[in-house]
Structures are given as C-alpha cells and as structure tokens.
Amino acid sequence: MLKATLRSFLAHKGRLLLSALAVVLSVAFVAGSLIFSDTVSRTFDRLFASTSADVTVSPKEDLKSQIPSGAVETVPTDLVDRIGKVAGVALARPDVAVENVTVVDRDNESVGPTTGAPTIAADWYVTDRSPVALTSGHTPRGPGEALLDADTADKKRVDIGDPLTVIAQPGSFKVKVVGIATFKTTNPGAALVFLDPAVAADKLLGRTGVATSIQVDAESGVSDARLKRSIAAELGSGTYELETADEQAETAASQLGGFLDVIKYVMLGFAGIAVLVGVFLIVNTFSMLIAQRTRELGLLRALGADRRQVRRSVLTEAVLLGLVGSTLGLAAGIGLAFGLIKLMGVFGMNLKTTEMVIGWATPVASYVVGVGVTFVAAYLPARRAATVSPMAALADAEIAGVGRPLRTRAVVGSVVGALGAAALVGCSTATRTSSAASLLGLGVVLTLIATVIAGPLLVRPVIRVLGGFFPAVFGSVGRMSQRNALRNPRRTGATAAALMVGIALVGGMSVASASMTKSFDQQIDKTLGADFVVQNANFLPFPQEITKKVEATDGAGLVVRQRFAPVAVRLPDGKRVETTAAGYDPKLDDVARISYAEGDTAAALADGNIAMDAGFAKDHDVRLGSMIPVEFSAGRKTELKVAALTDQDAAEGFGTQGGLFLGFATIEKYVPGGQDSALYVNAAAGASDDTLRSHLDRTLDPYPQVQVRDLADYKKLIHDQIAVLLYLVYALLGLAIVIAVLGVVNTLALSVVERTREIGLLRAIGLARRQLRRMIRLESVVIAVFGAILGLVLGLVWGVCVQQVLALQGMKAFAIPWTTLVAVVVGSAVVGIVAALLPALRASRMNVLAAIAHE
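Residues numbered from 1 in each chain as written. Predicted model: local features only at pLDDT ≥ 70, side-chain atom pairs only at ≥ 80, totals over all residues. Heavy atoms only, no water.

K.L.:
Looking at this structure, how should I read a nonpolar patch on the surface?
P.N.:
Together, Val-822, Val-826, Val-830, Ile-833, Val-834 and Leu-837 make up an exposed nonpolar region whose accessible area comes to about 510 Å². Looking at Val-830, the relative accessible area reads 46%, which means it is partly exposed. (Patch = residues over 30% accessible without salt bridge, like charges linked within 9 Å, V, L, I, M, F, W, Y side chains within 5 Å. Areas by Shrake-Rupley, 256 points an atom, 1.4 Å probe, with all protein chains shown as cover. Salt bridge = Lys/Arg side-chain N within 4 Å of Asp/Glu carboxyl O. Buried < 20%, exposed > 50% of the residue type's maximum accessible area, 1.4 Å probe, protein only.)

K.L.:
Could you clarify how one ought to interpret the packing of helix α13 (residues 433–466) against helix α14 (residues 470–487) in this entry?
P.N.:
In a packed pair of helices, the relevant descriptors are the angle between the two axes and the axis-to-axis distance. Running from N to C, α13 and α14 cross one another at 165°; their axes reach a closest spacing of 10 Å. Taken as axis vectors, α13 and α14 run roughly antiparallel relative to one another. Both α13 and α14 take part in a crossing whose hand is right-handed. Note on element contacts: α14 touches α13 through Phe-470, Gln-482, Ala-485, Leu-486 and Arg-487, opposite Val-459, Arg-460, Ile-463, Arg-464 and Leu-466. (Axes fitted to C-alpha atoms, helices over the stretch in contact; angles between N-to-C directions. Helix = DSSP H or I, 4+ residues; strand = E, 2+ residues; numbered from the N terminus. Parallel < 35°, antiparallel > 145°, perpendicular 65-115°, else oblique. Left-handed = near helix turned anticlockwise from the far one by under 90°. Contact = heavy atoms within 4.5 Å.)

K.L.:
Hey, could you run me through the environment of Val-266 in this one?
P.N.:
Inspection of the secondary structure puts Val-266 in helix α7 (residues 245–292). Val-266 sits in the partly exposed class, given a relative accessible area of 27%. For the pair Val-266 and Ser-33, spaced 233 residues apart in the sequence, the C-alpha separation amounts to 8.8 Å.

K.L.:
Could you clarify how one ought to interpret the packing of α13 against helix α23 (residues 769–807) in this entry?
P.N.:
In the contact formed by α13 and α23, the axes pass within 9 Å of each other and the chain directions differ by 155°. Relative to α23, the element α13 is oriented roughly antiparallel. At the point where α13 passes α23, the crossing takes the right-handed sense. For the contact of α13 with α23, a count of residues per class yields 20 nonpolar, four polar and no charged. (Nonpolar A, V, L, I, M, F, W, Y, C, P; charged D, E, K, R; others polar.)

K.L.:
Would you mind going over the confidence of the model for the chain with me for this structure?
P.N.:
Any region with low pLDDT has predicted coordinates that should not be read closely. The pLDDT averaged across the chain works out to 83; a share of 90% of its residues lies at or above 70. Within the model, pLDDT remains below 50 along residues 396–403, and this stretch shows 23 contacts once partners closer than five positions in the same chain are excluded. Confidence drops under pLDDT 50 across residues 650–654; counting only partners more than four residues distant or on other chains, this segment forms 16 contacts. (pLDDT = per-residue confidence, 0-100.)

K.L.:
Would you mind showing me how to read helix α5 (residues 197–205) here?
P.N.:
What sets the pattern is the α-helix's 3.6 residues per turn: residues three or four places apart point alike. Within α5, burial applies to Val-199, Ala-200, Ala-201, Leu-204 and Leu-205. At the exit of α5 stands Gly-206, carrying a positive phi of roughly 90°.

K.L.:
Looking at this structure, I do not really get the side chain of Ser-828. What am I missing?
P.N.:
Turning to its location among the elements, Ser-828 is positioned in helix α24 (residues 818–844). Look at Ser-828 and you get buried, because its relative accessible area is 2%. At 2.8 Å, the side chain of Ser-828 and the backbone oxygen of Val-824 are in polar contact. Setting aside residues no more than four positions away along its own chain, Ser-828 makes contact with Leu-499, Ile-503, Ala-784 and Ala-788. (Polar contact = N/O pair within 3.5 Å; in protein donor to acceptor, adjacent residues only side chain to side chain.)

K.L.:
How should I be thinking about the sheet that holds strand β14 (residues 240–244) in this particular structure?
P.N.:
By way of backbone hydrogen bonds, the strands of a sheet pair with one another, either parallel or antiparallel. Sheet architecture is open: four strands sit in the order β3-β13-β1-β14, paired in antiparallel fashion. One side of each edge strand has no neighbouring strand; the edge strands of this open sheet are β3 (89–95) and β14. On average, each strand axis in the sheet is inclined to that of its neighbour by 20°, with strand direction left out of account. By the bridge criterion, five bridges tie strand β1 (residues 55–59) to β14 in an arrangement that is antiparallel. Bridging from a neighbouring strand, Pro-59 pairs with Tyr-240 of β14. Seen against the sheet, helix α6 (residues 224–235) touches β1, β3, β13 (213–218) and β14 and runs at an angle of roughly 165° to β14. (Pairing = 2+ DSSP bridges.)

Given below as structure tokens:
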C-alpha cells in the first residue's frame, strides 16, 4: 500500500502542484511573520540591553495616553549628588532626551523620519554604552552647535557646516552641524540630534536644573537589582520611576511590540485567508482525483485492501503534499522575511539580514499549518473513497458526489445558517458595543460556514439564471457550458466558495468603510464651525511658538486652542477610568457646534468644572453637579464639578472615552508646560478665507510638522485614514483571488481530464477547437460570477451589521459603494476567463482518437 501510495502521488504530482501552491502561500506568510518579528525583537533586545544604564531614575508615569499632551516630565538634577552618595554607585549623571522636537534644514524641510519614528534631541555624553560614536567633525560646544546621526545626514543630504533649526517646546533655535555620529548597533529608524550638555536642558526643556532622567552606573560586583533597592531607599518609594537595564529593555521592547504586532497580525491575516481559501482548493482537488481513480481504488479493494488502508493511502498523499508545500513555504517565508527586512531599511530601520533569527517555533508552526491544512482538507474525500465497495468501484461509478442527494447539506446548512442569522439579528438589535461586536463575529463565522455548506444547493437555481442567456447567445456551446457547471453542484460550490470568501470580506468592509466615511462627513459638516484647523500631520502636539505665530497672522480673528491631558477619574460607581481630557479656550462655541443634554459651554469651561458625555455619565451614575476626583500626570489631583453633559455622537465628539473636556485655564494649572494639539481659526472681519489661508501657509512655512486644513481637507484626512484599512482588505482580496484562480484552474484542468472521452466525442461530431475553448471559458465565468454573487450577498449582510455596530459609536450613516460592488462582479468574470485559458488550451489540443479511446 505504501508503494502504491507513493507511485500514485508521483503520478499525480502535476495535478497536485496547484494545491501545493495554496499551502506554500499560507505557510510563507506564517513563517515570514514569525521570522521577521523574532529578528526585530532580538535585534532591539540587544540594542536596549547594551545601551541602558545599570539603573535609570525617571519621572513617575502613572497615567498613559495614546494622545500626548506634549508636556515633558522632569527630575531635578539635585538628585545626582544624592544618588552619587549611595553605596554601590560608580557614576550618576543627568540625561536630557526629548522626542517632541522637529528639525528642519535651510529650506524648511524636515530632516526627521516620515515613517512614524521619532526625532530625538539629546545631550552629547559618550560612554561605552552609547548607541552612536563620533565618526567625523567634533563634539558640540556651545548653544549653536549640534551633531546629527549619519543615517539621517545621508538620507537628507546634510553635511558638516550646514545650518539646522530645532523646533522644541520652549521655542526654535538654530544650530550648525559640527559632527556626524554613526550608530554602533541597529538604527531603530529615529533621527538623532545631539547638543552640548551645558545647554541641552535650557534649549530643550526651557530651564536648567532639570533632566529627563538620571543615569546610574554600578560599581564592580554590585548587581543592578541591589543598586536599585539602595537608590529607592535613599529617594523613597513611589517618588520616581526606577528601572534596571533589563527592565528598561523590557519596557522598550513592549513599546516596540505594538508596532511588531501590527505587522505580525497583518501577515497572519494573509496566512489565514490563504489557509481558508486553500482548504476549498485541496478538498476539490482530492475529491476529483479520487473520482478519477475510481477503478484504481476498486482494484486495490478487490486485491484485499480494506477501507482503513484506502483511507490511510489518501491521507498519506495529503501528508506528503503538506510536507512538500510546508518545506517550500518555509523557504518562501525566509525570502519574505528577507524582503521585509530590506523594506524596513528603506523606511530607515536598518536591520541586518545576516542576523535573521529562525527560532524553533517557526518551522514547527510552518509544518503544523501546512500538514494540518492538507490533512484536514483531505479527510472527507478520503472517507468517501473508503466507503465505496469494490464492485461499485470496478463498475466505474463516480464517487465524487454526482447525483447524490444534498439533504444532509440542506439540514446542516439551514441549522447553522439560522444560528448565524439569529446572531446577526441580535447584533443589529444590541444596545452595547461589546455585545454587538461579539454577536457580529459569531454571526459572520456561522453564516460563512452555512453558505459554504449550503452552496451546492444554490448552484442549480442561481447558475440557471446566470447562464440563462448562454443558449440564446452562444448556441449549443453555451448550453453545454451551463450544463457542465450544473453537472456536479458539490464541485461547483466548492470551487466558487474560494472566490466567495474574499469577495464577502471586501463587500462587508466596503460597506463599513463607505458608511464610516459618510458618517464622518456628516458629523464634520454638523460640528466643525471654524474656517481653518491648524494641526500636526499625525495629531501630535506642537510648541507654543506656533500658536503665537498663528495668533499674530494677518487676517486671523478668533483662535481657539485645544490641548489634551491624560487623566484618571474616580466615578460614583467606584470605578477608576483612565482616559484623556481635552482643554479649550472660552469661545469654543464660535468654532464648534456642541449638543448638550444638560448645561452649556460656558459652564463646562468655567474654572473648576468639567463636562462629559451623557451616556458615559449615565453608565457610571454621574449627575449634573457631581464632584468627581480627577488625577492628572505627576500625581496632581483635584476635584472637578460636572457642569455639563454632552449629547454628541462618537463620530462628532472628542474621540476619547467619556468625552471629557474642561477649560484651558484648568488644564494649564494641572498640566503645566503642555503643548497645543490643534488651533481652530476664524477669519477676522473683512478678511476672506482665501487670503487668510495664504497668510497661514506663509506663517507656517518654517514649521513643516503642522498643516492648515479647511473643511474639505479635514474630510480628506479622514477618508485617507479609512482608506488604509480598505487597502489592506483589497490586498486580502487579491490574495484570495490568486488562490481562487488556482482553484478554478485546478478544477477545470481535472475536469478536462475527467471528461477526456466526452471531449473527444464532441470533437469527433464537429465541435471546433475554438468552440471547445469557448465552452470551457463560459463554464469558468459562470462559476466565478456565481461565487461573486454569493460573496456580495454575504458581504452586504455583514456590512449592514457592521454599520449597526458603528451606529452604537455614533456613526449612523449608511452607504453602499455600488461602483466597487459592480467592479467586483465584472472583475470576477475576468477572473473566470483568465483561469480558463490554460485548461481550455489543453483541451483544444487533445488528439481526437486518443481522447475517444481514453478510459
């Protein structure tokens, strides 16, 4: 049996190749994501571990926020003397390093990275652990000199002697590049500017006598943990953040983890789609191969092979296919990781391909995925092969399911579909986002499974409609193509399912993104009353210098500032919620339209008051007039009175949990040194919008990190952000289509082999080669369009339900992108034509007499 299995596998290796490609793709994405993330993690672990001080003393950060306030917390440099006297301390020094800076060249072009990595300005202090070393020029001396890292200098073409402008929190200042520092380890993609330590604090923090951290080195023989305990005893517990080198590395790695997780989950998403679509392809391939080997399997049974041996033989072929596909996929994954590492180099993260990490988990995961997918996909065809009696097999009865009733599928599909529909209905009627999202996920999975199970039941009615015009337009060729697609509903359903999955995903996300876009457009029109908004490109805060320049711009009238601050609020129901509060100037009503359930803007922005979303307040037993304990960063605490409750939709609100906002004076009092996140600007009386726009553009020319946006620009910004998600979905669709094309090609190629004698007879009675090719192409097109129709119907249902979930977050508009959906159907027809080219060509080249004699 083993010999027979191996010979059968090698005899059908051409037919199995396309199935193996689906395995290769899925394994490649799994392996590539693991190798890339392991390589980046290992590289940065070494970087952080080798450059961190034994113990770092920094300001305590109790509150974390994704929306930064721009305030830089500091420690007094007086701590250096106290720490220096602690037993076990070899050296303690102040360190100044800030990320909220922008550096521009003489043409006012930013020299910082455009990939989201920070621009860091720091004091120049060289130790054995410094990540960079001076390679040309000299160290900075005085306030007008600076060093620049070599990667940034090369990329932005900055040379020694060139002037730069550093836009920092206290204000802008000019420096001359006097030296170039080269990374000794991996460049994480940041741009580094180094200043003279004597002036760094004054220039970057606005005052002397403070630092962003204290770096402490231990004496020989003193462990980092012991030194940390000694310093904590001197400074008191809870006053400052103390971290050893290992803890620093762990913290930095966890911050990097978010970036790595995005890449990993995206690639695993591609792998998941490849696996899901590949299952249909493999099931179809094995079903058809078994159908074509009916006589062979019958002979084996007649010679004494029992059902278990036949089943084991088919599963062994599947395992062999999985091993081959996994091996090729692992090799492809290494190549994919290599390409990703090179791509990161283009974006400024200079990883070394020679340090690529292939951990034990990578090949294990690759073979588990590859072999597991093929084994599971081949199990049902293997069981079907084992149930055929020797006499039935010798009679050449087809066992692929032709003519067998679909009652079981109808029952199972109906039950699963009913459960999925119930989940989606529950999602649409739910009043809480969390429960609605859970029901949505369950409903999507169940309805997808139900459609795959019940798909063959829909083949005959749908394809009769889709191909109804074939006989009238293409004559007998059209009639035969339609009947070929109807001949085996199971096969047609499985082939179309591969395309259906990708199109359902795109259909659902297209409806969701179109609805989101329309909702945001409506809410921007409804709430934004300012002529212009000045904002950072990535919503980061900017220095006060920019605010002052905008206020002094000719033609600018009212300017309302927005500033964010991380807060923690203790609510009446006992819960402590960490979120972000926004601060605004008093005339907020002149630049925004806010709906209130109770109270008004004047009360909300008054000193000692705060406003919050009415729904959030109701959930936590907050009422108008309630006194709420509020904790700001650095342990600053107060109690604020809830003076207004807003009735804003989330799409038009402040984008943070609870919708908290308060007066600018209050936020400045508890978060000193913060930076503005946005400026809402109205034109002065007599000044036109066009004139003000040109003046603002000229004012902000030296500050490339901020842009001026009007209503249309703001909408475009939101559209572009939503489009990023949609592009990812389109990429997933592209992968699904590639594998679906392989599936159609495989199905048609095996179908041609299966119908060899039939094709020979048709050619013998006068069917021309051109007509034969057309018949196969039409069959392919109708199968592809059938899959597209199923996918679009399913995707529209999903999209409607996703929109209902979004409506709970205030995005209540509904839109269907008809152009996209029509393009998908047309594209599916094109996919069908492309997939049929090779099988049709092969069929048309058959020798007529040999085909008639084929058994």
